[in-house]
Amino acid sequence: MAEAVRVLKALDLGFEMEEAHLGGCAVDATGNPYPEATQKLAQAADAVLLGAVGGPKWDTLPREQRPERGLLGIRKQLGLFANLRPAILYPELANASTLKPEVVAGLDILIVRELTGDIYFGQPRGIEVRDVDGLSQRFGFNTMHYTESEIRRIGRVAFEAARKRNKKVCSVDKMNVLETTQLWRDVMIELAPEYPDVELTHMLVDNAAMQLVKAPKQFDVMVTGNMFGDILSDEASMLTGSIGMLPSASLDANNKGLYEPSHGSAPDIAGKGIANPLATILSAAMMLRYTFNQEAAAQRVEAAVKKVLAQGFRTGDIYEPGTKKVGTKEMGDAVLAAL
Ligand code: IPM
Ligand code: MG
């Protein structure tokens, strides 16, 4: 985060920036993963740049107090229903992928994940003791649901995004089993005539998981629900072999957004000064693009990141022999110099 903030300051665009706790640090400071002071600042802001939230230190807490609840809380409270997760293979990092180079060379996928609905937020939910099958036993349950308006608005985001790319949307569902996703498919089909320039296809989620590793370049934009999107976006990010490089945006209906790296908090290296800051820096670039309409500034940041890769700077996660291994701050320095 520190490096991304330095980059934003260096651009000198006149932003007012404030800092607040969310997730593990907020639990430590206040006992609440999404404290009221943070809520006020987040609601008043045009955009939020977020670090990753969890770690083993908080793993034994009750679910409502876990760091993840802070993240889910801010997404829901700010209405950030549209999660954009690009998976791009940087040519300089082609060897980082575990897949064959010809399978992933030039990979550029955008996963559009619905972020405020689905089984993540469905009620009722819980673990209760119930009489089932003649036994008094613990019973766990969640509820999966979508309204057609929720599906339509995320569908539009995907179609609009595809218009600016290769004009293909693949909608991912499980309509052979789940009614909510039958509705998902129906609504996508109803939307398609409004976007005659975009090709719509459908794929069942299990097949999509397979196709992503078999032939990922067949995809341009993939749109799917909250839970399938959680899983497929992790899979897609790993095709590139460098999750430390991938940013994400979570937008509301007016392009207010929360921007965060796609990776988690990497507790095993926390505080050592060796984490890769590029995903957060690239998240700041997405923020410039989507919330502030500063396309030129966004491209400057992205170009600076490409330049430091071309210059051979690598943090440990993307290091290979023959390149220059640097820590978090040195990587930030290199990006600033390139800017
Ligand atoms: C993500 C994460 C979160 C999610 C967790 C931390 C709650 O996995 O952003 O993909 O499941 O949405
Ligand atoms: Mg996830």
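Computed from a predicted model, the values in this text were never measured in an experiment.

Visitor: A description of the overall build of the protein should follow, citing residues and the corresponding values.
Guide: Tallying secondary structure elements over the protein gives twelve helices and twelve strands in all. Scaling as 2.2 N^0.38, a compact globule of 339 residues should have a C-alpha radius of gyration of about 20 Å, and the protein matches this with 20 Å. The C-alpha extent of the protein, read off along each of the three principal axes, is 65 × 50 × 40 Å. A total of 339 residues make up the protein; the buried ones form 47% of that total. Long-range pairs, those at least 24 residues apart, make up 71% of the contacts in the protein between residues at least 6 apart in sequence. Seen as two clouds, the 37 positive and the 43 negative side-chain charges of the protein have centres 3 Å apart.

Visitor: Explain the nonpolar core to me, using residue names and the numbers behind them.
Guide: Membership of the largest hydrophobic core comes to 55 residues, with the highest contact counts inside it found for Val169 and Met245. For this core, the element with the most residues is helix H10 (residues 278–290), which contributes eight residues. Apart from the residues lying within four places of it in its own chain, the contact partners of Met245 are Tyr90, Leu93, Asn276, Leu278, Ala279, Leu282, Val305, Leu309 and Ile318.

Visitor: I'd like a rundown of the pattern of salt bridges, residues and numbers included.
Guide: Under the definition given, this model contains 18 salt bridges. Note that Asp28 is salt-bridged to Lys57, the shortest N-O span being 2.6 Å. Of the two residues, Asp28 is situated in helix H2 (residues 24–30) and Lys57 in the loop between strand E1 (47–49) and helix H4 (67–77); the sequence distance between them amounts to 29 residues. Exposure remark for Asp28: the relative accessible area of 46% places this residue in the partly exposed category. Since its relative accessible area comes to 59%, Lys57 is described here as exposed. Notably, a salt bridge pairs Arg75 with Glu260, separated by 3.3 Å at the nearest N-O pair. With a gap of 185 residues between them, Arg75 in helix H4 and Glu260 in strand E10 (residues 257–261) connect regions that are remote in the sequence. Given the relative accessible area of 6%, Glu260 is considered buried. One continuous salt-bridge network, built from bridges that share partners, spans Glu3, Arg6, Lys329 and Asp333.

Visitor: Break down the sheet that holds E10 for me, citing the residues and quoting the values.
Guide: The sheet built from eight strands is open, its strands ordered E1-E10-E9-E2-E3-E8-E6-E7 with mixed pairing. The open sheet is flanked by E1 and strand E7 (199–204), the only strands paired with a single partner. When the angles between neighbouring strand axes are averaged without regard to direction, this sheet yields 20°. Taken together, the three bridges between strand E6 (residues 168–173) and strand E8 (residues 221–224) define a ladder with parallel strand orientation. Along E8, the bridge assignment pairs Val169 with Val221. Across the sheet, helix H7 (residues 179–191) touches strand E3 (108–114), E6, E7 and E8, and the angle it forms with E7 is around 170°.

Visitor: With reference to specific residues and values, describe the site of ligand 1.
Guide: Near ligand 1 the following residues occur: Glu68, Leu71, Arg75, Arg85, Arg113, Tyr120 and Asp230. The contact in question runs from an oxygen atom of ligand 1 to an N or O atom on the side chain of Asp230, over 2.9 Å. Protein contact buries 74% of the 320 Å² of open area that ligand 1 shows by itself. Sort the elements by how many residues they give to the shell around ligand 1 and H4 lands first, with three residues. Taken together, the residues of the shell around ligand 1 sort by class into two nonpolar, no polar and five charged.

Visitor: So what about the packing of aromatic side chains? Which residues, and what values?
Guide: A full pass over the atoms with the stated rule returns four aromatic pairs. A ring pair is formed by Phe159 and Tyr195, whose centres lie 4.6 Å apart and whose planes are at 5°; its orientation type is stacked. In this pair, Phe159 sits in helix H6 (residues 148–163) while Tyr195 sits in the loop between H7 and E7, placing the two residues 36 residues apart along the sequence. Judged on exposure class, the residue Phe159 and its partner Tyr195 are both buried. Over the ring of Phe141 we find Arg130; its NZ or CZ atom is 4.6 Å from the centre of that ring. Above the ring of Phe81, the side-chain terminus of Arg153 is found at 4.1 Å from the ring centroid.

Visitor: Describe the packing of helix H1 (residues 2–11) against helix H12 (residues 328–338), naming the residues involved and giving the relevant values.
Guide: Interhelical geometry of H1 versus H12 gives an angle of 20° and a closest axis separation of 9 Å. Relative to H12, the element H1 is oriented roughly parallel. For the crossing formed where H1 meets H12, the hand is right-handed. Residues Glu3, Arg6, Val7 and Ala10 of H1 lie in contact with H12, whose contacting residues are Thr328, Lys329, Gly332, Asp333, Val335 and Leu336.

Visitor: Provide a residue-level description of the UniProt feature "domain: Isopropylmalate dehydrogenase-like" (unreviewed entry) in the protein, including the pertinent values.
Guide: Per the UniProt record, the feature "domain: Isopropylmalate dehydrogenase-like" (unreviewed entry) sits at residues 1–335. What you have in residues 1–335 is 39% helix and 18% strand, and the ends, taken at the C-alpha atoms, are 14 Å apart.

Cut-offs applied
- Residues numbered from 1 in each chain as written.
- Chains lettered and ligands numbered in written order.
- Predicted model: local features only at pLDDT ≥ 70, side-chain atom pairs only at ≥ 80, totals over all residues.
- Heavy atoms only, no water.
- Helix = DSSP H or I, 4+ residues; strand = E, 2+ residues; numbered from the N terminus.
- Rg over C-alpha atoms; globule rule 2.2 N^0.38 Å.
- Buried < 20%, exposed > 50% of the residue type's maximum accessible area, 1.4 Å probe, protein only.
- Contact = heavy atoms within 4.5 Å.
- Lys, Arg positive; Asp, Glu negative; His and termini not counted.
- Charge placed at Lys NZ, Arg CZ, Asp CG, Glu CD.
- Core = buried A, V, L, I, M, F, W, Y, C linked by side-chain atoms within 4.5 Å.
- Salt bridge = Lys/Arg side-chain N within 4 Å of Asp/Glu carboxyl O.
- Pairing = 2+ DSSP bridges.
- Axes fitted to C-alpha atoms, helices over the stretch in contact; angles between N-to-C directions.
- Near = heavy atom within 4 Å.
- Polar contact = N/O pair within 3.5 Å; in protein donor to acceptor, adjacent residues only side chain to side chain.
- Areas by Shrake-Rupley, 256 points an atom, 1.4 Å probe, with all protein chains shown as cover.
- Nonpolar A, V, L, I, M, F, W, Y, C, P; charged D, E, K, R; others polar.
- Phe/Tyr/Trp six-rings, centres within 6.5 Å; stacked < 30°, edge-to-face > 60°.
- Lys NZ or Arg CZ within 6 Å of the ring centre and 35° of its normal.
- Parallel < 35°, antiparallel > 145°, perpendicular 65-115°, else oblique.
- Left-handed = near helix turned anticlockwise from the far one by under 90°.
- UniProt positions renumbered as here; feature names shortened; annotations may be inferred.

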